[in-house]
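Survey of secondary and tertiary structure
The residues making up each chain are set out below.
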Amino acid sequence: MSTEIKKIGVLTSGGDAPGMNAAIRSVVRTAISYDMKVMGIKNGYKGLLNGDITELKSKDVSDIIQRGGTILQTARCKEFMKPEYQERGAEMCRVFGIQGLVVIGGDGSFQGAEKLANLGINTIGIPGTIDLDIACTEYTIGFDTAVNTAMDAINRILDTSSSHSRCSIVEVMGRNAGYIALWCAVNTGAECVLLPERERPSDDEIIRSIVENKNRGKKHFLIVVAEGVGGCHKLAKTIENTTGIESRVTVLGHLQRGGSPTAMDRMQASMMGTRAVDLLHDGHAKRVVAYVKGEYVDYDINEALAMNKNINEFRLRVSKILSVK
């Protein structure tokens with residue numbers, strides 16, 4: 001990097017995640033400690049294109065670390081996939097004197113950051129998504145809160161399911177990633193978990209596991225389904241028609257995105273935010289911050305986007321072992 005960074009921007013993009021505010025706070029206050037100005041960009045790349053940009057002072061990020069969502073708001077911007085809009089975004093950065101940009105979001109957000117980097121804007125990505133589906137990092141901001149929110153909801157569902165001897169089918173978020181579903185299944189005693197990354201068990205296999213546990217004396221049953229799998233209502237009808245066990249579907253939906261972030265999400269977001277600004281200050285760009293083996297590291301954005309991530313086989317095996325009464 002040929003010139004010292006004196007002004008940076010920060011934006012949140014894609015789906016919101018608990019802990020994004022903690023990351024914004026960390027970026028702002030770390031930048032100020034380096035005598036950098038920080039420009040907050042509202043509504044992600046859409047706000048960048050529209051010039052919805054204002055300076056953030058230290059007091060502007062006071063009392064936000066405990067709040068869910070993002071004070072900068074967020075949006076999905078399909079236009080930013082087109083070269084002419086990417087060039088317009090880079091020009092808007094230059095108009096506002098933004099020399100470095102911190103992007104908090106998921107893979108789609110990083111793709112936009114990579115395009116801006118190719119156009120001369122120094123960019124750093126921070127993984128912020130409840131889905132835990134970014135391959136280069138073992139942790140993404142928002143995952144812990146989302147899992148705990150879903151687990152608490154499932155615990156409540158199981159109370160009433162037990163009272164009525166029902167089978168509860170619960171759909172959790174995660175798009176095409178099954179990490180929330182797998183963690184919830186292990187931690188709530190599910191008979192079965194359906195993941196996008198694995199071939200779906202047949203209806204007969206699912207019903208057999210329910211009936212076998214019923215014969216062992218279990219009074220209620222739980223199936224956790226990642227939203228990328230779908231088919232919950234059809235499955236519930238099949239189970240009820242085949243076994244006579246009343247079956248209900250609950251779709252948790254965006255409930256999982258909200259709420260005060262856990263200590264884990266606040267800590268990870270704070271560390272990643274500071275790491276991102278450190279990288280810009282030290283002359284690095286076009287990087288993604290990651291958490292690997294207990295350390296905060298960084299990767300080239302292109303390298304990070306090319307990585308693949310798989311469901312942990314040991315955790316999947318444990319979920320099957322523990323599902324038997």
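Read on for an overview of the structure. (Residues numbered from 1 in each chain as written. Predicted model: local features only at pLDDT ≥ 70, side-chain atom pairs only at ≥ 80, totals over all residues. Heavy atoms only, no water.)

What follows is about helix α3 (residues 83-95). Side chains that are three or four residues apart share a direction in an α-helix, a result of its 3.6 residues per turn. Across its 13 residues, α3 extends 18 Å between first and last C-alpha, which sits within 8% of the 18 Å expected from 1.5 Å per residue. Of the positions making up α3, those classed as buried are Gln-86, Gly-89, Ala-90, Met-92 and Cys-93. Angularly, the buried residues of α3 cover 155° about the axis, an arc narrow enough to put them on a single face. Gly-97 occupies a position one or two residues after α3 and carries a positive phi of about 70°. (Helix = DSSP H or I, 4+ residues; strand = E, 2+ residues; numbered from the N terminus. Expected span 1.5 Å × (residues − 1). Buried < 20%, exposed > 50% of the residue type's maximum accessible area, 1.4 Å probe, protein only. Arc of directions from axis to C-beta.)

Below, the discussion takes up the nonpolar core. Counting residues in hydrophobic clusters, the biggest one holds 59 residues, and the most contacted among them are Ile-8 and Val-224. The element that contributes the greatest number of residues to this core is helix α5 (residues 143-164), accounting for eight residues. Other than its neighbours up to four places away in sequence, Ile-8 contacts Val-27, Ala-31, Met-36, Lys-37, Val-38, Met-39, Ile-98, Gly-100, Val-277 and Leu-280. Counting 26 residues, the second largest nonpolar core, distinct from the first, contains Cys-77, Ala-113, Ile-121 and Ile-134. (Core = buried A, V, L, I, M, F, W, Y, C linked by side-chain atoms within 4.5 Å. Contact = heavy atoms within 4.5 Å.)

Quick look at the sheet that holds strand β11 (residues 295-300) now. Read across the open sheet, the seven strands follow the order β3-β2-β1-β4-β5-β10-β11; overall the sheet is mixed. One side of each edge strand has no neighbouring strand; the edge strands of this open sheet are β3 (53-56) and β11. Each neighbouring strand pair of the sheet contributes to a mean axis angle of 30°, computed without reference to strand direction. Pairing analysis gives four bridges linking strand β2 (residues 37-41) to β3, with the strands arranged antiparallel. By the bridge assignment, Ile-41 is partnered in β3 with Ile-53. Helix-sheet contacts for helix α9 (residues 263-281) involve β1 (7-12), β4 (100-105), β5 (122-127), β10 (287-292) and β11, and the interaxial angle to β5 is about 165°. (Pairing = 2+ DSSP bridges. Axes fitted to C-alpha atoms, helices over the stretch in contact; angles between N-to-C directions.)

What follows deals with the packing of α5 against helix α6 (residues 179-188). The axes of two packed helices give the description: the angle between them and the distance between them. Taken N-terminus to C-terminus, the directions of α5 and α6 make an angle of 45°; their axes are 9 Å apart at the nearest point. Overall, the two elements α5 and α6 adopt an arrangement that is oblique. Relative to α6, α5 is oriented so that their crossing is right-handed. When α5 is examined against α6, the residues Phe-143, Ala-146, Val-147, Ala-150, Met-151, Ile-154, Asn-155 and Leu-158 are found in contact with a partner set consisting of Tyr-179, Ile-180, Trp-183, Cys-184, Asn-187 and Thr-188. Of the residues that constitute the contact of α5 with α6, the class distribution is eleven nonpolar, three polar and no charged. (Parallel < 35°, antiparallel > 145°, perpendicular 65-115°, else oblique. Left-handed = near helix turned anticlockwise from the far one by under 90°. Nonpolar A, V, L, I, M, F, W, Y, C, P; charged D, E, K, R; others polar.)

This brings us to the sheet that holds strand β7 (residues 192-194). The strand order β7-β8-β6-β9 describes an open sheet built from four strands, whose pairing is parallel. Only two strands of the sheet have a single partner each, and these edge strands are β7 and β9 (247-251). Taken over all neighbouring pairs, the strand axes of this sheet differ in orientation by 15° on average, direction set aside.

Here we come to the pairing of β5. Buried residues dominate β5, accounting for six of its six residues. Of the two faces of β5, the one holding Asn-122, Ile-124 and Ile-126 and the one holding Thr-123, Gly-125 and Pro-127 are both buried throughout. As paired elements, β4 and β5 share six bridges and run parallel to each other. In the sheet register, Gly-105 faces β5, and the bridge partner there is Pro-127. As a crossover connection, the stretch from β4 through helix α4 (residues 107-118) into β5 is right-handed. Strand direction decides the pairing type here: β5 and β10, joined by two bridges, are parallel. Counterpart to Gly-125 in the pairing with β10 is Val-288. (Right-handed = clockwise from strand over helix to strand, strands pointing away.)

Here Asn-122 is to be found in strand β5. Classification of Asn-122 by relative accessible area gives buried; the value is 18%. A polar contact is formed between the side chain of Asn-122 and the backbone oxygen of Gln-99, at a distance of 2.8 Å. (Polar contact = N/O pair within 3.5 Å; in protein donor to acceptor, adjacent residues only side chain to side chain.)

Let us now look at the environment of Ala-113. Counting through the fold element by element, Ala-113 comes out in helix α4. As for Ala-113 and Lys-218, which are separated by 105 residues in sequence, their C-alpha atoms are 51 Å apart. Among all residues touching Ala-113, those that are not within four sequence positions of it are Tyr-45, Val-103, Thr-123 and Ile-301.

Scanning all chains against the criterion turns up 14 salt bridges. Residues Asp-60 and Lys-59 are paired through a salt bridge, measuring 3.6 Å at the closest nitrogen-oxygen approach. Ionic pairing is found between Arg-275 and Asp-298, a salt bridge with its closest N-O pair at 2.7 Å. Placement of Arg-275 in helix α9 and of Asp-298 in strand β11 is noted, with a sequence separation of 23 residues between them. Its relative accessible area of 27% is what places Arg-275 among the partly exposed residues. (Salt bridge = Lys/Arg side-chain N within 4 Å of Asp/Glu carboxyl O.)

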